[in-house]
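Each chain is listed here by its residues.
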Amino acid sequence: IGGRAVACLELAAGRAANSAWLARRHAQSRFTALDLSEVQLRYARRSAARLANLAVRQGDYHDLSGIDDASTDIVFNIEGLCYSTDKARVFAEVFRVLKPGGSFLIYDGYSDRPAQKRAADESRAALLLERGMAITEFERYPEMIVSAQTVGFDLADQEDLSAAIMPSAERLERRATRLLDLGPLAHVVIRALPVSLIDNVVTAYLMPILIRRRVFCYMATVLRKPPRAGEA
């Protein structure tokens, strides 16, 4: 943001924790947090009530029709684009609402190795991870970039953050392992837990393993809408 006033839009914002954190530190800028879940937005509205520069709205990131063309400087999404089954539509909508020269920042996970190049146990683990995270299928990173470039985006920057997220991932892995190491007692405990919580345990256990094997990766991406002719 660099000290200047900008308009920012967070997609799949959930409880808007990220937007609220930024809004408190950049009072001169305007933030909009968009999410599909009314349950999540109840919490987001509590944050927005205390921040004059944070607005919350319900909506689907596949359809940003409530936002004007070329009205936004920065759009960002953290670990939410992987749930889209029509990323081309998301990119087209984001491209439309961004001002020329505006940026789309994405932090997300991707398939790092084609399915046909995985060992059998890696393929089974990948399916369990996708099920645990309620994701249809992790997209390969190069395919995501092509989809963005097709609607007109330039790739401004990218960074592999897989190693950077490992301390947090391994901390969750250790917690999941403690449950799984209970042996026969683990079966009793697991049967008593909600399915959603079991999925979380499986995800916590498998994610770092699959990142170490480079089956999955975690990337930061900056896409840029080209500026108008003559503009920097």
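Below or above, wherever it landed, is the structure these notes cover. (Residues numbered from 1 in each chain as written. Predicted model: local features only at pLDDT ≥ 70, side-chain atom pairs only at ≥ 80, totals over all residues. Heavy atoms only, no water.)

1. Let's talk about the packing of helix H3 (residues 87–97) against helix H5 (residues 141–150)
Interaxial distance between H3 and H5 falls to 9 Å at its minimum, and their mutual angle equals 45°. When the interaxial angle is binned, H3 and H5 end up oblique. Like other packed secondary-structure pairs, H3 and H5 cross with a definite hand, here right-handed. Mapping the contact onto sequence places Lys87, Ala88 and Phe91 in H3 and Met144, Ser147 and Ala148 in H5. For the contact of H3 with H5, a count of residues per class yields four nonpolar, one polar and one charged. (Axes fitted to C-alpha atoms, helices over the stretch in contact; angles between N-to-C directions. Helix = DSSP H or I, 4+ residues; strand = E, 2+ residues; numbered from the N terminus. Parallel < 35°, antiparallel > 145°, perpendicular 65-115°, else oblique. Left-handed = near helix turned anticlockwise from the far one by under 90°. Contact = heavy atoms within 4.5 Å. Nonpolar A, V, L, I, M, F, W, Y, C, P; charged D, E, K, R; others polar.)

2. Details of a positive patch on the surface
On the surface, a cluster of positive charge is contributed by Arg15, Arg24, Arg25, Arg46 and Arg50. Structurally, the position occupied by Arg15 is in the loop between strand E1 (7–11) and helix H1 (17–25). Look at Arg15 and you get partly exposed, because its relative accessible area is 45%. (Patch = residues over 30% accessible without salt bridge, like charges linked within 9 Å, V, L, I, M, F, W, Y side chains within 5 Å. Areas by Shrake-Rupley, 256 points an atom, 1.4 Å probe, with all protein chains shown as cover. Salt bridge = Lys/Arg side-chain N within 4 Å of Asp/Glu carboxyl O. Lys, Arg positive; Asp, Glu negative; His and termini not counted. Charge placed at Lys NZ, Arg CZ, Asp CG, Glu CD. Buried < 20%, exposed > 50% of the residue type's maximum accessible area, 1.4 Å probe, protein only.)

3. Notes on the packing of aromatic side chains
Per the stated rule, a full pass over the model turns up six aromatic pairs. Ring centres of Phe95 and Phe153 lie 5.2 Å apart, and the angle between their planes is 90°; on these two criteria the pair is classed as edge-to-face. Here Phe95, found in helix H3, pairs with Phe153, found in the loop between H5 and strand E6 (154–160); they are 58 residues apart in sequence, far enough to count as distant. The same class applies to Phe95 and to Phe153, which are both buried. (Phe/Tyr/Trp six-rings, centres within 6.5 Å; stacked < 30°, edge-to-face > 60°.)

4. Points about the sheet that holds E1
Read across the open sheet, the seven strands follow the order E3-E2-E1-E4-E5-E7-E6; overall the sheet is mixed. What marks the edges here is a single partner per strand, and that holds for strand E3 (54–58) and E6. Averaged over neighbouring strand pairs, the angle between their axes works out to 15° when direction is ignored. Across the sheet, helix H2 (residues 38–49) is in contact with strand E2 (30–35) and E3; its angle to E3 comes to roughly 165°. Where H5 meets the sheet, it contacts strand E5 (98–111), E6 and strand E7 (216–224), and its direction lies at approximately 15° from that of E7. (Pairing = 2+ DSSP bridges.)

5. Observations regarding the side chain of His62
Examined against the element boundaries, His62 turns out to sit in the loop between E3 and strand E4 (72–78). According to the relative accessible area criterion, His62 is buried, its value standing at 15%. For His62, the contacting residues outside a window of four places in its chain are Ser84, Thr85, Asp86, Arg89, Val90 and Glu93.

6. A short note on the layout of surface pockets
Of the volumes computed, that of the largest pocket is approximately 470 Å³. Around the largest pocket, the lining comprises 21 residues; the ones closest to its centre are Glu79, Met133, Ile165, Met207 and Tyr218. Among the elements of the structure, E5, helix H6 (162–180), helix H8 (195–212) and E7 are those that each provide at least two residues to the lining of the largest pocket. Considering each element in turn, the lining of the largest pocket owes the most residues, six residues, to H8. In terms of residue class, the lining of the largest pocket is built from 15 nonpolar, four polar and two charged. In this structure, the second largest pocket occupies an estimated 260 Å³ of space. Every residue lining the second largest pocket is counted, 15 residues in all, and those nearest its centre are Ala12, Asp35, Tyr61, Gly80 and Tyr83. Along the lines of polarity and charge, the residues of the lining of the second largest pocket split into seven nonpolar, four polar and four charged. (1 Å grid on protein atoms, 1.4 Å probe; cavity = no way out; pocket = protein on both sides within 12 Å on 5 of 7 lines; lining within 4 Å. Points joined across faces, edges and corners; volume = space filled by probe spheres on them.)

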